[in-house]
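Here is what each chain is made of, one letter per residue.
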Amino acid sequence: MDNSKVRSQGFEENTMALLDSSGIKDSRDIHDDRIAFLEAVRWSYLDCDSNRPPSWNMYDATFKMLRGSKSLELVIASFQLLTELNKKFPRTYLLNEVEYPDIFVNNEAWSPFVLGTEGIHVEGSKITTDLLDPAGFASLVDGIAQDFNHTGFELGIEPLQNMLLFQYLVEVLEADFITRQILYKESLNWILFRESMLNMLLGSRKIHHKNLVKTCMAIIIRRSYHQILEEDCKISTDEFNVPLATALKEVKRKMNIDMKKFLTLIMDLDLVRRQADSLGATSRIDGTRSSALEIILDELTYNIHDLSPFLMAFSEPKWKLEVILQYLSKYCMKASVRTRRANIPNEITVDSVLSNFSTTVNAKTIAKKISSGIFQMLLAHLFQACLSIQEDNCTDNSTKKTGNTLSEISKKFVFAIQNLRETEEGLEIVSFVKEALFTATLLAGKIGNDDMLIQ
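Bear in mind the structure is a predicted one, so any value in this text is a computation, not a measurement.

**Examining the overall build of the protein**
Stage number 1. Looking only at helices and strands, the protein has 20 helices and 4 strands in total.
Stage number 2. Per-residue burial for the protein yields a buried fraction of 46% across its 455 residues.
Stage number 3. Counting contacts in the protein only where the partners sit at least 6 residues apart, residues at least 24 apart contribute 73% of the total.
Stage number 4. Here the protein displays about 23,300 Å² of accessible surface, and carbon together with sulfur accounts for 49% of that area.

Here it is, written out as structure tokens:
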């Protein structure tokens, strides 16, 4: 055994000894030892630029603090340490990125998930149940949703732990996913994603995929309703534990971003899988499940009151555009014809959707199916998604979804809103639609003629 391994083992033994609380009765001393442990791991593997990740036991001890500690300081410190270690020592990474890129997955490395096996992880003679299997992950999301359904959060450490844990898990899933996505763009090898952590998580029989997507939607919608920050104010004014209240407030604000990121990852995976299906690359072992897009559309169709808050909160332009186009196609487009050669519906574009509102007669016919107010809201979100895609300089298929120049889209949007207004006397133009309409008139060069539309 070389000297570096001996020193490494010695450091691990000394560091892990800090967690041995036998004979220590003072809770403050135990707390200080745990802080010292986290600082030692940070110093050795992050500050000293080590090429080796911490041992499995060190990772696991840090993860247990995130999940089980009752100390705010320990929860925050363990979360930050795990997040930074995930960035420096990813479980999945690329080799030979420049010449012949290939993927490497360190299956022996510690992971917060238990995937592909039943329920527990065995390290030597130790059995760890703190790691999350698919059922545990679904339970975590359900718990967060229950917290969000309350009028305000109860001031306690557990809601904070759940949200930070979810944020960390999504970062782990994202790191694994993006690495595979880079290589997939060149190879179109479905196996890369079949073996991804996200696909194994969603494909487990222990998880109800449809319920998981619906729960993620519910959290996003609920957070949209609370943008007024009324419940945040209730949390922040608690005079008994200001640090915890402040942490809850900040993490809760971040929760919506984390949930949208997770939902977007699922939709990206569905897109790859659909492409693999069209290439004949999938098989029976891949199973079947409804796409997240289909589930979202069904939920928004049957719960139309959730349509506006969901679109206000779900800001990822590519998928927001797709959700709106597919939703509008139910009312604006004739059913597409599927052929034996292509099991894919005719392409729907922003231009083709807006063309349905090109005359007052057409707009009135379509508006009877829901209401002019809902259609104007949908078209405003559609236009805003187009703007976001333009600003982000997207080069993927989302740019093809517009079907025309931004100037022409702007003109058609202005005419569509004008025609919708004529279908319903006294139709109120809400502020969000006014803002979109103002921008469209500027881009279309029509501000002089059409500023009456934003009165």
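There is more to say after this.
**Some thoughts on the nonpolar core**
What tends to happen in soluble globular proteins is that the nonpolar side chains get buried as a cluster.
Stage number 1. F137, F166, F262, F310, L378, L379 and F413 are the most contacted members of the largest nonpolar core, which totals 131 residues.
Stage number 2. For F166, the residues in contact, after removing those within four places along its chain, are F137, L140, V141, I144, M255, D258, M259 and F262.

**A look at helix 4 (residues 72-88)**
The periodicity of an α-helix, 3.6 residues per turn, causes residues three or four places apart in sequence to face the same way.
Stage number 1. In a regular helix each residue adds 1.5 Å, so 17 residues correspond to 24 Å; helix 4 covers 25 Å between its end C-alpha atoms and thus fits that length.
Stage number 2. Within helix 4, the full set of buried residues consists of L74, V75, S78, F79, L81, L82, T83, L85 and N86.
Stage number 3. Against the buried residues of helix 4 lie helix 2 (27-47), helix 3 (56-68) and helix 6 (157-187).
Stage number 4. The backbone nitrogen of E73 has a side-chain oxygen 3.3 Å away, supplied by the residue at the start of helix 4, namely S71.

**What about the side chain of H209?**
Stage number 1. Considering the arrangement of structural elements, one finds H209 in helix 9 (residues 209-225).
Stage number 2. From its side chain, H209 meets the backbone oxygen of S290 in a polar contact 3.1 Å long.
Stage number 3. If sequence neighbours within four positions are ignored, H209 has contacts with L202, I266, R289, S290, A292 and I295.

**Overview of the packing of helix 2 against helix 3**
Any two packed helices are characterised by how steeply their axes cross, that is the angle between the axes, and by the distance between the axes.
Stage number 1. For the pair helix 2 and helix 3, the least separation of the axes is 11 Å and the interaxial angle reads 135 degrees. Considering the angle they form, helix 2 stands oblique to helix 3. Note on packing geometry: the crossing formed by helix 2 with helix 3 is left-handed. Here R34, F37, L38, V41 and Y45 of helix 2 lie close against helix 3, whose contacting residues are M58, A61, T62 and M65.

**Re helix 14 (residues 317-332)**
Stage number 1. The end-to-end C-alpha distance of helix 14 is 21 Å, a good match for the 22 Å that 16 residues give at a rise of 1.5 Å each.
Stage number 2. Counting buried positions along helix 14 gives 13 out of 16 residues, so the element sits mostly inside the fold.

**Focus on the pattern of salt bridges**
Stage number 1. Across all of its chains, the model carries 14 salt bridges by this definition.
Stage number 2. R180 is the partner of D176 in a salt bridge, and the nearest nitrogen-oxygen pair spans 3.1 Å. Remark: R180 and D176 occur in helix 6; sequence separation between them is 4 residues, near one turn of the helix.
Stage number 3. We note a salt bridge from K254 to D258, for which the minimum N-O separation is 2.5 Å. Within this pair, K254 and its partner D258 are both found in helix 11 (residues 242-278), separated by 4 residues, close to a single helical turn.

What counts and what doesn't
- Residues numbered from 1 in each chain as written.
- Predicted model: local features only at pLDDT ≥ 70, side-chain atom pairs only at ≥ 80, totals over all residues.
- Heavy atoms only, no water.
- Helix = DSSP H or I, 4+ residues; strand = E, 2+ residues; numbered from the N terminus.
- Buried < 20%, exposed > 50% of the residue type's maximum accessible area, 1.4 Å probe, protein only.
- Contact = heavy atoms within 4.5 Å.
- Areas by Shrake-Rupley, 256 points an atom, 1.4 Å probe, with all protein chains shown as cover.
- Core = buried A, V, L, I, M, F, W, Y, C linked by side-chain atoms within 4.5 Å.
- Expected span 1.5 Å × (residues − 1).
- Polar contact = N/O pair within 3.5 Å; in protein donor to acceptor, adjacent residues only side chain to side chain.
- Axes fitted to C-alpha atoms, helices over the stretch in contact; angles between N-to-C directions.
- Parallel < 35°, antiparallel > 145°, perpendicular 65-115°, else oblique.
- Left-handed = near helix turned anticlockwise from the far one by under 90°.
- Salt bridge = Lys/Arg side-chain N within 4 Å of Asp/Glu carboxyl O.

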